[in-house]
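If you want the building blocks of each chain, they are given just below.
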Amino acid sequence: MSPEKYQDIAEYVQAELNAKDCLHTYRVLNYALQLIGTEDNVNVEVVILSALLHDIGRIKKSAKDSKNVPSHAQTGSEKAYELLIEKGYPEEIAKQVSESVLSHSKNSKPKPQTIEAKILFDADKLDMTGAIGTARAIQLAGATGVPLYLTDKAGFPIKEGKKKEAPSLFKDYQQELKKMTKVFHTAKAQKIAIKHQKTMDSYFEKLHKEVDKNHKNGMKLLHKYCKEA
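Because the structure is predicted, anything quoted here is derived from the model rather than measured.

The rules behind the values
- Residues numbered from 1 in each chain as written.
- Predicted model: local features only at pLDDT ≥ 70, side-chain atom pairs only at ≥ 80, totals over all residues.
- Heavy atoms only, no water.
- Helix = DSSP H or I, 4+ residues; strand = E, 2+ residues; numbered from the N terminus.
- Buried < 20%, exposed > 50% of the residue type's maximum accessible area, 1.4 Å probe, protein only.
- Contact = heavy atoms within 4.5 Å.
- Areas by Shrake-Rupley, 256 points an atom, 1.4 Å probe, with all protein chains shown as cover.
- Salt bridge = Lys/Arg side-chain N within 4 Å of Asp/Glu carboxyl O.
- Axes fitted to C-alpha atoms, helices over the stretch in contact; angles between N-to-C directions.
- Parallel < 35°, antiparallel > 145°, perpendicular 65-115°, else oblique.
- Left-handed = near helix turned anticlockwise from the far one by under 90°.
- Nonpolar A, V, L, I, M, F, W, Y, C, P; charged D, E, K, R; others polar.
- Expected span 1.5 Å × (residues − 1).

(A) How the structure looks around the overall build of the protein chain. Secondary structure summary: the protein chain contains nine helices and zero strands in total. When the elements of the protein chain are put in sequence order from the N terminus, they spell out α-α-α-α-α-α-α-α-α. A principal-axis box enclosing the C-alpha atoms of the protein chain has dimensions of 80 × 40 × 30 Å. Of all 229 residues assigned to the protein chain, the portion counted as buried reaches 41%. A separation of at least 24 residues holds for 62% of the contacts in the protein chain among residues at least 6 apart in sequence. Looking at the protein chain as shown, the accessible area adds up to about 13400 Å², and 53% of this sits on carbon and sulfur atoms.

(B) The arrangement of the pattern of salt bridges in detail. In this structure the tally under the stated criterion is eleven salt bridges. Of the charged contacts in the structure, one is a salt bridge between E16 and K79, with a shortest N-O distance of 2.8 Å. Here the residue E16 occupies a position in helix α1 (residues 7–16), and K79 occupies one in helix α4 (residues 72–86), the gap between them amounting to 63 residues. Overall, the relative accessible area of 37% leaves E16 in the partly exposed class. Among the ionic contacts, a cluster of salt bridges with common partners joins R27, D127 and R136.

(C) Expanded view of the packing of α1 against helix α3 (residues 44–53). Contact geometry for α1 and α3: axes closest at 9 Å, N-to-C directions at 20°. By the angle between their axes, α1 is roughly parallel relative to α3. Relative to α3, the crossing made by α1 is right-handed. Facing I9, Y12 and V13 of α1, the residues of α3 in contact are L49, L52 and L53. Residues belonging to the contact of α1 with α3 are distributed by class as follows: six nonpolar, no polar and no charged.

(D) Representation of helix α9 (residues 187–228) within the structure. With 42 residues, α9 should reach 62 Å at 1.5 Å per residue; the first-to-last C-alpha distance of 62 Å fits that figure. The set of residues buried in α9 consists of A189, I192, A193, Q197, M200, F204, L207, H208, V211, D212 and H215. The inward-facing, buried residues of α9 abut α2 (19–36), α6 (115–126), α7 (130–144) and α8 (169–175).

(E) Quick look at the environment of A51. Looking at where A51 falls in the secondary structure, it is placed in helix α3. For A51, a relative accessible area of 0% gives the class buried. Separated by 159 residues in sequence, A51 and E210 have C-alpha atoms that sit 38 Å apart. Every residue in contact with A51, bar those within four places of it in the chain, is listed here: T25, V28, L29, A32 and L120.

(F) Structural detail: the packing of α3 against helix α5 (residues 91–102). α5 packs onto α3 with a crossing angle of 50° between their chain directions and a minimal axis gap of 9 Å. By the angle between their axes, α3 is oblique relative to α5. Helix-helix and strand crossings are classified by hand; for α3 and α5 the assignment is right-handed. The segment α3 lies against α5, with E45, V46, L49, S50 and L53 engaging I93, Q96, V97, S100 and V101. Class assignment for the residues of the contact of α3 with α5 results in six nonpolar, three polar and one charged.

Shown next, in the form of structure tokens:
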């Protein structure tokens with residue numbers, strides 16, 4: 001199976017998505033390809049097409065209409081089916097790809113049932129782990145105006161990230177990113193995620209220590225100069 005076989009699908013995806021989402025799509029495809037060989041009876045074509053098309057349902061939406069717009073998984077599922085039928089793919093392939101796309105999101109219903117859908121789900125979630133996952137979380141926080149961390153009454157950075165706290169990157173890490181190793185369906189994906197988690201944990205530990213130290217040093221000097229004034 002040559003890459004040229006999917007060139008028209010790849011071009012369609014590039015036309016539909018922005019540069020950021022395209023990069024994510026190809027990382028997911030690369031992860032999916034690594035997972036295929038670790039499972040039995042996998043339809044490789046379904047996995048490749050699903051990975052390429054899994055995010056084509058992403059559309060720009062305003063805050064006003066965001067509650068009324070279908071999930072990107074649902075929209076993408078429908079678009080993927082229509083595209084593949086239009087391109088001449090067998091209906092069974094189009095259906096399997098559509099089902100995989102529909103269930104690839106963490107909040108999707110139904111949950112992934114086939115091995116192809118599970119591979120797509122795992123590949124997509126692997127891109128939320130490790131250094132890439134950390135960078136994506138920081139990027140999203142910046143785009144949405146969410147601070148890196150919150151501070152307590154004394155001005156020290158809060159590390160716990162409890163559910164009741166206001167949004168912050170640290171809260172996202174504590175409530176979701178730190179628990180990613182538990183969501184995977186395939187053994188290979190979980191193994192990769194566990195290794196990646198060490199990178200992410202190390203980063204957030206260093207980030208907290210750095211801002212905590214910065215605040216402590218600043219407070220000591222503030223008290224010192226206030227006394228001397």
